[in-house]
Amino acid sequence: MRAHPLNCHSCGLRLDIPPLTQGKAAFCPRCGHPLARVEANPFMLPPALALASLTVLYLVFSQLFMHLTMPRSSIYLTLPEMMRVLVVQEFGFLAEVMFVLTFGSPLVFCLLCLYVYGALLLNRPLPFLLAATRALVRLRGWMMVDVFFISALVAYIKLSSIATVHFGPAFWLMFVLSVLLIRTAQSVPEHWVYYQIRRLNGQRMPPQIEGESLNCSKCLYDRPANEEHCGICGSALYRRRPYSLGLSTAFLLAAVILYFPANLMVMMVSSNPTAVEISTILSGIIYMWDKGDRVIAAIIFSASIMVPVLKILAMAVLIVSARYRLLMPPQKLAALYRITEAVGRWSMIDIFVIVMLMSTFRTHLARVVPGEAAVFFCLVVLLTMLSAHFFDPRLLWDKARHAHKPAKAASQPPSETAEQAT
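Quick caveat, the model's predicted, so the values are computed rather than measured. (Residues numbered from 1 in each chain as written. Predicted model: local features only at pLDDT ≥ 70, side-chain atom pairs only at ≥ 80, totals over all residues. Heavy atoms only, no water.)

Its boundaries defined by the atoms lining it, the largest pocket holds a volume of some 1800 Å³. Looking at the lining of the largest pocket, the elements with two or more residues in it are β3 (25-27), β4 (34-37), α4 (129-139), α5 (145-159), α6 (169-186), α7 (190-200), α11 (330-343) and α13 (372-390). It is α6 that provides the largest number of residues to the lining of the largest pocket, a total of five residues. In terms of residue class, the lining of the largest pocket is made up of 25 nonpolar, 11 polar and 14 charged. Split by domain, the residues of the lining of the largest pocket number at least three in each of domain 1 (46-188) and domain 2 (241-401). (1 Å grid on protein atoms, 1.4 Å probe; cavity = no way out; pocket = protein on both sides within 12 Å on 5 of 7 lines; lining within 4 Å. Points joined across faces, edges and corners; volume = space filled by probe spheres on them. Helix = DSSP H or I, 4+ residues; strand = E, 2+ residues; numbered from the N terminus. Nonpolar A, V, L, I, M, F, W, Y, C, P; charged D, E, K, R; others polar. Domains from an automatic or database assignment.)

Next comes the structure, spelled out in C-alpha cells:
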C-alpha cells in the first residue's frame, strides 16, 4: 500500500501513512489507535480462515454439545435444541438473540468474507462488493461465540455439582471456532480492502483530491468535500458522526431505565417437587456464594453487576466530557472508550448461562425458567453496546483542542507521520 494521508478514526489527527508492505501496520502516534495494516498473506489468509470457520460452525451446530447424567434422567444437549427449548417456553426473543449472536452473525460474516476476498482473488468487481464489505466490517463486533463458550464453562461449574457432565465434540470445537473467528475478524483490515477494491475497478490509489477535501470516517481516504457519499466505500461522508452524542445519550438512558427492572425483577425460577426458588440477579449471586459456588458467583457478579454498571458510568463520563467539559485527559478518555467498547459484550454471560440451565432442567423433577428480568438484562447489554457504537471519540479531542486553543496550533505541523510496526 502506497504512502498517503488520512485522519485517525479515533482522535481525528491528520497523519501521513508510510508505504506498507506485507506484515506491516501503522498506528496513531497520539492515541495509539490502529490505522492501517497489511496482512503477511493478505489475499489467502482471510478466505482460508473464513472457510475453516464455516466448516467448524457447521460441526458445532450439528454435533452433541453436552451430555448430562442425573438420577433417573439423561439429557443430550445441542445448540439447536437449546434454542428450541427457549421457543417452546415462549422466550423466543432470547432464542433469536442466541441464534443471531452465535450462529447468524458468524455465518453471514464468513460468507461475506469469502465473497469479498473471492472478488479480490478473481480480480473481478462482483456486484454489491462495497455493500458486502461494509456489512463485513460492521459484523465483527457482533459475533459472541467466545462469550458463549465461557458461559458454558461457568454453567459447567454449577452443573457438575448436581450431575455428571460429559462434553460433546461441539463443546471442544466451539473453542476452535472462537479462535478462528477472532483471527478472521483481525485479518480483515478494511482500509487495505477498500484500497484493493478501488484498484480492482481500475481507479487510482491512493486518490489525489484537488481542492477542499473530507476524510471518510469509514475507509479513511480523502474525498471531495462536495460528495455526500464516499466514492470509495459508499458510506455517508461527515466530519463527525451526525447526532453522535444525542444517539449515544438516548441509548444510554434507555439502558439505565431498563437496568432497574433487570435487577429488581425475577431473573430465574428454579423448581422441583418440594420447593420453588425465585431469584433476582443479586439474590442468585448471594445464594451461590453461600452454597460455596464462589467462583461462579464472582464471575456472574463481574459480568452481570460490575461490568454493566462500570460501562454505564464510563459512557456517562465520555458523553459529559464530549458535550461539556473534559473530566480526564483525552488520552485516558480514549483508552476508557476502547476498554468500554471491548468489554460490554461479556455481560451476555449471564443470559447464556440461564439458557443452558433452562435447557438442562426442563422436567417435572427439576425445572429452570427465565424470569422477565432476563429480557430486560439482555436489552441493557445491547443498548450499552449501541451507545458505545454511536459515540464518536474524536469529539473528545475536539473538546480538548477548543479548551487549549492558544498558539499551540500555529506551532504544530499540519500533519504527522504515523508510527509503523511489524
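With that settled, consider the sheet that holds strand β5 (residues 66-70). Overall, antiparallel pairing links the three strands, which are arranged β6-β5-β7 in an open sheet. Whereas interior strands pair on both sides, the edge strands pair on one side only; in this sheet they are β6 (73-77) and β7 (164-167). Each strand axis lies, on average, 15° off the axis of its neighbour in the sheet, ignoring direction. (Pairing = 2+ DSSP bridges. Axes fitted to C-alpha atoms, helices over the stretch in contact; angles between N-to-C directions.)

The next point concerns helix α12 (residues 349-360). The first and last C-alpha atoms of α12 sit 17 Å apart over 12 residues, in line with the 16 Å expected at 1.5 Å per residue. α12 sits mainly inside the fold: 12 of its 12 residues count as buried. Within α12 the residues assigned to the buried category are Ile349, Asp350, Ile351, Phe352, Val353, Ile354, Val355, Met356, Leu357, Met358, Ser359 and Thr360. (Expected span 1.5 Å × (residues − 1). Buried < 20%, exposed > 50% of the residue type's maximum accessible area, 1.4 Å probe, protein only.)

With that settled, the discussion passes to the pattern of salt bridges. This structure, assessed with the given rule, holds 11 salt bridges. Here Asp222 and Arg14 are joined by a salt bridge, their closest N and O atoms 2.6 Å apart. Of this pair, Asp222 sits in strand β9 (residues 222-224) while Arg14 is found in strand β2 (residues 14-17), placing the two residues 208 residues apart along the sequence. Judged by relative accessible area, which is 9%, Asp222 ranks as buried. Given the relative accessible area of 25%, Arg14 is considered partly exposed. Residue Arg140 pairs with Glu190 through a salt bridge whose shortest N-O separation is 2.9 Å. With Arg140 in the loop between α4 and α5 and Glu190 in helix α7, this pair connects stretches of sequence that are 50 residues apart. We classify Glu190 as partly exposed; its relative accessible area is 22%. Where salt bridges share partners, they join Arg37, Glu39 and Arg183 into one cluster. (Salt bridge = Lys/Arg side-chain N within 4 Å of Asp/Glu carboxyl O.)

As far as domains go, the protein holds domain 1 (46-188) and domain 2 (241-401). With 35 residues of domain 1 in contact, the opposing surface of domain 2 contributes 33 residues. Around 3200 Å² of area is buried between domain 1 and domain 2 when both sides are counted, 81% of it from carbon and sulfur atoms. Counting across the domain 1 and domain 2 interface gives one salt bridge. As a salt-bridge pair, Arg345 and Asp146 come within 3.0 Å of each other at their nearest N and O atoms. At the boundary of domain 1 and domain 2, one finds two residue pairs in polar contact (both at pLDDT 80 or more). Among the elements of the structure, β5, β6, α2 (79-88), α3 (92-122) and α5 are those that each provide at least two residues to the side of domain 1 that touches domain 2. Tallying contributions element by element places α5 first for the side of domain 1 that touches domain 2, with 11 residues. (Contact = heavy atoms within 4.5 Å. Buried area = accessible area lost by both parts, 1.4 Å probe. Polar contact = N/O pair within 3.5 Å; in protein donor to acceptor, adjacent residues only side chain to side chain.)

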